[in-house]
Amino acid sequence: MAVHDDELWLDEDAGRLVRPYTVSNGRTSPTKSLDLLSLVMATGQIATTQLAPEHAQALGLCNGPTSVAEVAAHLRLPAMVTKVLLSDLVDCGAVTTRSPHAAASPTDRSVLEAVLDGLRKRL
Amino acid sequence: MAYENDSDLFPTAVKVLVAGGFGVGKTTFIGSVSEIEPLSTEELITAASIGTDNLAGVENKATTTVAFDFGRLTLDPRYVLYLFGTPGQDRFWFMWDELSTGALGAVILVDPRRLETSFEAVDFFERRGIHFLIAINEFDGAFRYDSEEVRAALKIGPHVPVVLCDARGDRSATSVLVSLVQYLLTAMSSHSA
Ligand SMILES: Nc1nc2c(ncn2[C@@H]2O[C@H](COP(=O)(O)OP(=O)(O)OP(=O)(O)O)[C@@H](O)[C@H]2O)c(=O)[nH]1
Ligand SMILES: [Mg+2]
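Residues numbered from 1 in each chain as written. Chains lettered and ligands numbered in written order. Predicted model: local features only at pLDDT ≥ 70, side-chain atom pairs only at ≥ 80, totals over all residues. Heavy atoms only, no water.

K.L.:
Looking at this structure, how should I read the packing of helix 2 (residues 68-75) of chain A against helix 3 (residues 79-91) of chain A?
P.N.:
The relative placement of two packed helices comes down to the angle between their axes together with the axis-to-axis distance. Residue and element names in this part refer to chain A. One can describe the packing of helix 2 onto helix 3 by two numbers: an axis separation of 9 Å at closest approach and a directional angle of 110°. The angle between helix 2 and helix 3 falls in the class roughly perpendicular. Touching Val68, Val71, Ala72 and Leu75 of helix 2 are Ala79, Thr82, Lys83, Leu85 and Leu86, all from helix 3. Taken together, the residues that form the contact of helix 2 with helix 3 break down as seven nonpolar, one polar and one charged. (Axes fitted to C-alpha atoms, helices over the stretch in contact; angles between N-to-C directions. Helix = DSSP H or I, 4+ residues; strand = E, 2+ residues; numbered from the N terminus. Parallel < 35°, antiparallel > 145°, perpendicular 65-115°, else oblique. Contact = heavy atoms within 4.5 Å. Nonpolar A, V, L, I, M, F, W, Y, C, P; charged D, E, K, R; others polar.)

What follows is the structure, encoded as structure tokens:
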């Protein structure tokens, strides 16, 4: 097959053609698996001045535990690109992360009870 | 080592999906519950390509971009709830695994003037085995169906809650989420009984 996967259109309504992103040096698969709800937080071990501008900007957005989705929205970058940037930051020790699936299962009763309590307090 | 036990540092993020057809009030609902203005970004999804004659064993995959919005609600120091709006107009969000993986459940908003726009969402969650409830967003002046009429039109079982809401109201939208989580707890008890 001559055409690369990423260059296929699903069909003409599906969305734009996917091109390698310059900001993440063309990589589209992060080494560390992050999903939209993974929480990331700066460790304080790497200063933003030690990083390239995009990485520094991403790092500046995670002073407290912040979701990958929020970092992406604030950077105005696609989530996929943001995941690559953040996984670089994890690799170099600038941020630490925790996957949502590590702790919360939709079938965990105690999680649902805590969510219910939290919601009821707002009524 | 300061970061040995991540669970001391991080709350647990949980996710509820807000679905329904184009313009039913998903973003409005998310904004009513969220402590931040709804944010938006886009994600790539990989989907099997449609309408091609696949050779046996050869999977044709293609990548497409879907835009979505979301909001956040800190429930307590341990739990943060994220509300994800499914892209109402995009035909391909149905192939997006990451969206549904790990979701506690879903709210399907229904516009009582256009019930049919939420059929696809019902179908999606039934197929994925994700529990959902139906929230009828009462637009002003909209003809009021009663919940049994909506249940019949959407062809959903008697166990699925059907509630009324005003997506613009904080309390109303929060009450919908309370109903959803109560339903999830009930469903869990009846399965493990
Ligand atoms: N009167 C009234 N208007 C509403 C209500 N909920 C939403 N709207 C309005 O309906 C329009 C669509 O609402 P949105 O929240 O943007 O709907 P959506 O489902 O996010 O739309 P898409 O993302 O485009 O699919 C907006 O102009 C809202 O202000 C409601 O309960 N009553
Ligand atoms: Mg919307």
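Now that the structure has been shown, the text picks up again.
K.L.:
Looking at this model, I keep getting lost on the state of the cysteines. Mind explaining?
P.N.:
Covalent bonding between the sulfur atoms of two cysteines is what defines a disulfide. All names here are of chain A. The final tally for this structure, using the stated rule, is zero disulfides over all chains. Free of any disulfide, cysteine 62 has its nearest cysteine sulfur in cysteine 92, 11 Å distant. Relative accessible area serves as the criterion here: at 0%, cysteine 62 is assigned to the buried category. (Disulfide = S-S within 2.5 Å. Buried < 20%, exposed > 50% of the residue type's maximum accessible area, 1.4 Å probe, protein only.)

K.L.:
Hey, could you run me through the layout of surface pockets in this one?
P.N.:
The method is simple in principle: a probe with the dimensions of a water molecule rolls over the atoms, and the space it marks as empty is what remains. All names here are of chain B. Roughly 230 Å³ of internal volume is contained in the second largest pocket. Surrounding the second largest pocket, 15 residues form its lining, Lys26, Thr86, Pro87, Gly88 and Gln89 being those nearest its centre. Elements with a minimum of two residues in the lining of the second largest pocket: helix 1 (26-33) and strand 3 (61-74). Here the lining of the second largest pocket gets three residues from one element, more than from any other, and that element is strand 3. For the lining of the second largest pocket, the per-class residue count stands at five nonpolar, seven polar and three charged. (1 Å grid on protein atoms, 1.4 Å probe; cavity = no way out; pocket = protein on both sides within 12 Å on 5 of 7 lines; lining within 4 Å. Points joined across faces, edges and corners; volume = space filled by probe spheres on them.)

K.L.:
Just checking my understanding: could you explain the pattern of salt bridges for this structure?
P.N.:
Think of it this way: side chains of opposite charge can pair up when their charged atoms draw near. Counted under the stated rule, the structure contains 12 salt bridges over all chains. One salt bridge connects Glu113(A) with Arg109(A), and the closest N-O pair in it is separated by 3.2 Å. Of this pair, Glu113(A) and Arg109(A) both sit in helix 5 (residues 109-120), four residues apart, which is roughly one turn of the helix. Across the pair Arg127(B) and Asp123(B) runs a salt bridge whose closest N-O atoms are separated by 3.0 Å. Placement of the pair is Arg127(B) and Asp123(B) together in helix 3 (residues 119-128), with a separation of four residues, close to one helical turn. Overall, Arg127(B) belongs to the exposed group, its relative accessible area being 70%. For Asp123(B), a relative accessible area of 35% corresponds to the partly exposed category. Bridged by salt links that share partners, the residues Glu70(A), Glu35(B) and Arg72(B) form one connected network. (Salt bridge = Lys/Arg side-chain N within 4 Å of Asp/Glu carboxyl O.)

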